[in-house]
Amino acid sequence: MSTWVLLRGLTRESGHWGAFPDMLRARLPGARVVAIDLPGNGRLNQAQSPTSIEATMHDCRHQMAASGHAPPFHLLAMSLGAMVAVEWAFRHPEELAGCVLVNTSLRPFSRWYQRLRPANYAAVLGVVAGAKTSRQREQTVLRLTSRHLAPDARVIDDWTALREARPVSGINALRQLLAAARYQAPVDAPSVPLLVLASRRDALVNAECSRQLARQWNAAILEHPTAGHDLPLDDGPWVVEQVARWAGLGARSPLTSAHPPDATPSPGA
């Protein structure tokens, strides 16, 4: 039985996956799907967020051990969470069966203005430390991360409830930003099978970051033509299908198309 560990991004928690874990379970019968929180987020919002990706990775490993789950694991990780997955793959490759990296960016492969588009700096800081209401912050997050959902989508209600129930402190948000900014991946590829998923219309992180990473590490890459940064939100079924096909093909498969034949998105997730 395979175990899939889901890792979210900056200040986001396991609850932000929405229906995606159930989609993955349905497409991978018998698989265990475990969504955990990075320290400082979600159920761990009272913990202090580390200022290094390595420390965050070790915390995630300890969570899995404490919950009784034994490796090897598959990691499916977004953005900041994908940095954690990369560090895990380098430090403890024997614990991983594969990694799916969604809309991430890594030094030294991407330029600073590609890793976080400068036009969004003010909006991101407003979400992290602004004086807006919880709902206004979540509306900003949706605007930055989705290309499929309307500004008044019902997910705003769910996200607002999560923020109010388990708020991430401004200090922890800044510590997570610092960890992401400081992290630099090794130049050589890890010895773990990789799949890179990217959204061409990502308004937060330039999709070229994923392309550069895939080229550097000779990794399989697939691009969604219309989705935003939160690819599992915009088209969860597409993500699940690509993951299932990749897992079935095995390690180092020739799945490298940037224009997959099934890249037409569903109406939304």
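Every value quoted in this text rests on a predicted model; they were computed, and no experiment measured them.

1. Regarding the overall build of the protein
Tallying secondary structure elements over the protein gives ten helices and six strands in all. Its C-alpha radius of gyration of 17 Å places the protein within 12% of the 18 Å reference for a compact globule of 269 residues. Based on the C-alpha atoms only, the size of the protein along its principal axes is roughly 50 × 40 × 35 Å. Every one of the 269 residues in the protein was classed for burial, and the buried ones make up 53%. The long-range share in the protein, meaning contacts at least 24 apart out of those at least 6 apart in sequence, stands at 75%. Counting every atom, the protein has about 11,300 Å² of accessible surface; 54% of that belongs to carbon and sulfur. In the protein, 28 side chains carry a positive charge and 22 a negative one; their mean positions are 4 Å apart.

2. Considering the side chain of Asp 37
Along the chain, the position of Asp 37 falls in the loop between strand S2 (32-35) and helix H2 (53-66). Within the structure, Asp 37 has its side chain in polar contact with the backbone nitrogen of Arg 43 (distance 2.9 Å). Dropping the residues within four chain positions of it, Asp 37 is found in contact with Glu 13, Ser 14, Gly 42, Arg 43, Leu 44 and Gln 63.

3. Regarding the pairing of S2
Along a regular strand, successive side chains alternate from one face of the sheet to the other. Sheet topology note: the strand S1 (residues 3-7)/S2 ladder contains four bridges and is parallel. Each residue of the ladder has a partner; that of Thr 3, found in S2, is Arg 32. Between S1 and its parallel partner S2, the chain crosses via helix H1 (residues 20-27), and the hand of that crossover is right-handed.

4. So, the pairing of strand S5 (residues 194-199)
Counting buried positions along S5 gives six out of six residues, so the element sits mostly inside the fold. With burial as the criterion, each face of S5 is covered, one bearing Leu 194, Val 196 and Ala 198 and the other bearing Leu 195, Leu 197 and Ser 199. Examined bridge by bridge, strand S4 (residues 96-102) and S5 share four bridges and lie parallel to one another. Bridging across to S5, Val 100 finds its partner in Leu 195. Considered for its hand, the β-α-β crossover made up of S5, helix H9 (residues 208-217) and strand S6 (residues 220-224) is right-handed.

5. Let's talk about the nonpolar core
By size, the foremost hydrophobic cluster in this structure holds 37 residues, and its most contacted members are Cys 99 and Leu 106. Within the residue set of this core, elements represented by two or more residues are S1, H2, strand S3 (73-78), helix H3 (79-91), S4, helix H8 (170-182), S5 and H9. The biggest single contributor to this core is H3, with eight residues. Residues within four places of Cys 99 in sequence aside, it is in contact with Leu 75, Ala 85, Ala 89, Val 192, Pro 193, Leu 194, Leu 195 and Trp 246. The next biggest cluster of nonpolar side chains, apart from the first, holds 24 residues, and it includes Trp 4, Val 33, Leu 197 and Val 240.

6. With respect to H1
Turning to H1, its buried residues number three or more, namely Phe 20, Pro 21 and Leu 24. End-on, the buried residues of H1 take up no more than an arc of 100°, which puts them together on one face. Exposed and oriented more than 90 degrees from the buried face of H1 are Asp 22 and Ala 26.

7. Observations concerning the confidence of the model for the protein
For the protein, per-residue confidence averages 90 on the pLDDT scale, and residues scoring 70 or more make up 92% of the total. Every residue in residues 249-269 is under pLDDT 50, and counting partners more than four places away or in other chains gives 48 contacts.

8. Digging into the environment of Leu 96
Along the chain, Leu 96 falls in strand S4. As for Leu 96 and Ala 85, which are separated by eleven residues in sequence, their C-alpha atoms are 9.5 Å apart.

9. Notes on the pattern of salt bridges
Two side chains of opposite charge can pair, provided their charged atoms sit close to one another. A full pass over the atoms with the stated rule returns 16 salt bridges. One salt bridge connects Glu 13 with Arg 166, and the closest N-O pair in it is separated by 2.7 Å. Taken together, the residues Glu 13 in the loop between S1 and H1 and Arg 166 in the loop between helix H7 (155-165) and H8 connect sequence positions 153 residues apart. For Glu 241, the salt bridge goes to Arg 245, with nearest N and O atoms at 2.9 Å. Here Arg 245 and Glu 241 lie together in helix H10 (residues 231-249), a separation of four residues that amounts to about one turn.

Criteria and cut-off values
Residues numbered from 1 in each chain as written. Predicted model: local features only at pLDDT ≥ 70, side-chain atom pairs only at ≥ 80, totals over all residues. Heavy atoms only, no water. Helix = DSSP H or I, 4+ residues; strand = E, 2+ residues; numbered from the N terminus. Rg over C-alpha atoms; globule rule 2.2 N^0.38 Å. Buried < 20%, exposed > 50% of the residue type's maximum accessible area, 1.4 Å probe, protein only. Contact = heavy atoms within 4.5 Å. Areas by Shrake-Rupley, 256 points an atom, 1.4 Å probe, with all protein chains shown as cover. Lys, Arg positive; Asp, Glu negative; His and termini not counted. Charge placed at Lys NZ, Arg CZ, Asp CG, Glu CD. Polar contact = N/O pair within 3.5 Å; in protein donor to acceptor, adjacent residues only side chain to side chain. Pairing = 2+ DSSP bridges. Right-handed = clockwise from strand over helix to strand, strands pointing away. Core = buried A, V, L, I, M, F, W, Y, C linked by side-chain atoms within 4.5 Å. Arc of directions from axis to C-beta. pLDDT = per-residue confidence, 0-100. Salt bridge = Lys/Arg side-chain N within 4 Å of Asp/Glu carboxyl O.

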